[in-house]
Amino acid sequence: MKNKYIKPLVFAVTIIFTIIFTLNYLQVDNSITEEDKIYIGKILQEKKVTFTSRPTRYEEEIELIMKIQNTVLEVAHDNIGIPYNSPREPKDLYLLKSGLCYDRSRSIEKISRYLGFKTRHISIYSTENTHSPFQSLITPKISSHAVTEVLTLKGWIVVDSNVYWISLDGQGNPVSIEQIQSKKNNRIISWAKPLPNDIYKKPFTFIYGLYSRHGRFYHPYNFVPDINYKELMQNIL
């Protein structure tokens, strides 16, 4: 009787560990490497950003977040995306001096975490024409945007990856992507600066932790979507 149950149990455990190993191998690695540290240092030094750690006051946090964003936008000043099947880390952004939203957001996130902030990657997809989050996710060439949320002492704030804009309201408080998504809030919020991109102003869906639907932004560059599963879990928490 024991042997009858041992074999299926071993098989089930093997399958589970295989799935876990495979997902871990395929997922987007968010760790900051030694090479990242070198080029983050170069980027910060070149743009004379002198902060070495996360500030302890909200106002200083906002100042530093804006400096991080400004630095990345100035370094990657050319709007030419890093090719598919290629790394898009701080080193690549620094050397190529170019990038699009999905390239710049990666460096914004790594520099922010290097300086002590918590971040989460956001993929935004328009639902204006599909009227369905799921339909938008499976529709090729749908209007989309890659941005970052950074955790401040007052909550999550959106950091755009194409223009000099963060989601501060008129009172200087952070506005999360979830709050922006709400039609009611989107209309009544008094922004410190106007919303910079139509995708924020119209119906959209968003996903934490999805870096691409096609799997060609991050190693191992295959058809499996580029995902960080720890961030992905924040969609249901």
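In what follows, the structure referred to is the one given above.
Below is a summary of the structure that appears in this document. (Residues numbered from 1 in each chain as written. Predicted model: local features only at pLDDT ≥ 70, side-chain atom pairs only at ≥ 80, totals over all residues. Heavy atoms only, no water.)

### Side note on the nonpolar core
Quick reminder of the rule: Take the buried Ala, Val, Leu, Ile, Met, Phe, Trp, Tyr and Cys residues and link them wherever side-chain atoms come within 4.5 Å; each set so joined is a nonpolar core. Think of it in three bands: residues with accessible area under 20% of the maximum for their type are buried, residues over 50% are exposed, and the middle band is partly exposed, with areas taken using a 1.4 Å probe on protein chains only. Helix and strand assignments follow DSSP, with helices taken as H or I runs no shorter than four residues and strands as E runs no shorter than two, numbered in order from the N terminus. Residues are treated as being in contact if the distance between any of their heavy atoms lies within 4.5 Å.
Membership of the largest hydrophobic core comes to 24 residues, with the highest contact counts inside it found for I65, I68, I111, I157 and I166. Only α2 (34–46), α3 (58–75), α4 (90–96), α5 (101–114) and β3 (155–159) provide two or more residues apiece to this core. The element best represented in this core is α3, accounting for 7 residues. Beyond its immediate chain neighbours, meaning those up to four positions away, I157 contacts I62, I65, T148, E149, V150, T152, I166, S167, L168, P174 and V175.

### Section: the sheet that holds strand β4 (residues 204–208)
Here is the rule: The rule for pairing is simple: two strands pair if DSSP sees at least two bridges between them. Axis angles are defined between N-to-C directions and span 0 to 180 degrees, where every axis is a line fitted to C-alpha atoms and, for a helix, only to the segment in contact.
Sheet architecture is open: 4 strands sit in the order β3-β2-β1-β4, paired in antiparallel fashion. Single-partner strands in this sheet number two, and they are β3 and β4. Pairwise comparison of adjacent strand axes, ignoring direction, gives a mean angle of 30 degrees for this sheet. Sheet analysis places strand β1 (residues 119–126) next to β4, joined by 5 bridges and oriented antiparallel.

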